[in-house]
Amino acid sequence: MFANVGWGEMLVLVVVGLVVLGPERLPGAIRWTAGALRQAREYLSGVTNQLREDMGPEFDDLRGHISDLQKLRGMTPRAALTKHLLDGDDSFFTGNFDQPAAATPAQPAHPTPGTERPVPDEPARPPFDSDAT
């Protein structure tokens, strides 16, 4: 729960506690907070043990489903779509579609003499007017 709290944050909390509570009430407040956290942790572990006893082997199945949900929670929308709808094939997003071989005829890089194809005439482009745009 407090894994992200570093020493700098702890120091700020102690200084704020000293200012708000004063030096005579701060140790009692720290003891009370530590006791409350310990009781909450014991209560939660007791609830977990009780559920494990009541549900039996179904509890492990439930934990498996919860871990699957945790994996989904960390996914981006693109990764979730790719995994569940597209079976891991991300060519839809990258645009690497497989083209049929007959659709693009192979042309040699350097045509041999006499085999050049006639270049079709390109339509004439209208003159470019930079002042018009």
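Since this is a predicted model, take the numbers as computed values, not measurements. (Residues numbered from 1 in each chain as written. Predicted model: local features only at pLDDT ≥ 70, side-chain atom pairs only at ≥ 80, totals over all residues. Heavy atoms only, no water.)

**Here we look at the packing of helix H2 (residues 26-55) against helix H3 (residues 58-73)**
Look at H2 against H3: their axes get within 7 Å of each other, and the N-to-C directions meet at 120 degrees. When the interaxial angle is binned, H2 and H3 end up oblique. Between H2, through Thr48, Leu51, Arg52 and Met55, and H3, the contact on the second element is made entirely by Glu58, Phe59, Leu62 and Arg63. (Axes fitted to C-alpha atoms, helices over the stretch in contact; angles between N-to-C directions. Helix = DSSP H or I, 4+ residues; strand = E, 2+ residues; numbered from the N terminus. Parallel < 35°, antiparallel > 145°, perpendicular 65-115°, else oblique. Contact = heavy atoms within 4.5 Å.)

**Remarks on the layout of surface pockets**
Estimates place the volume of the largest pocket at around 440 Å³. Sorting the residues of the lining of the largest pocket by element identifies helix H1 (7-21) and H2 as the ones contributing at least two each. Class assignment for the residues of the lining of the largest pocket results in twelve nonpolar, two polar and no charged. (1 Å grid on protein atoms, 1.4 Å probe; cavity = no way out; pocket = protein on both sides within 12 Å on 5 of 7 lines; lining within 4 Å. Points joined across faces, edges and corners; volume = space filled by probe spheres on them. Nonpolar A, V, L, I, M, F, W, Y, C, P; charged D, E, K, R; others polar.)

**What about a nonpolar patch on the surface?**
On the surface, a nonpolar cluster with roughly 580 Å² of combined accessible area is contributed by Leu11, Val12, Val15, Val16, Val19 and Val20. Summarising the element assignment, Val20 is placed in helix H1. Take Val20: its relative accessible area is 60%, and that puts it in the exposed class. (Patch = residues over 30% accessible without salt bridge, like charges linked within 9 Å, V, L, I, M, F, W, Y side chains within 5 Å. Areas by Shrake-Rupley, 256 points an atom, 1.4 Å probe, with all protein chains shown as cover. Salt bridge = Lys/Arg side-chain N within 4 Å of Asp/Glu carboxyl O. Buried < 20%, exposed > 50% of the residue type's maximum accessible area, 1.4 Å probe, protein only.)

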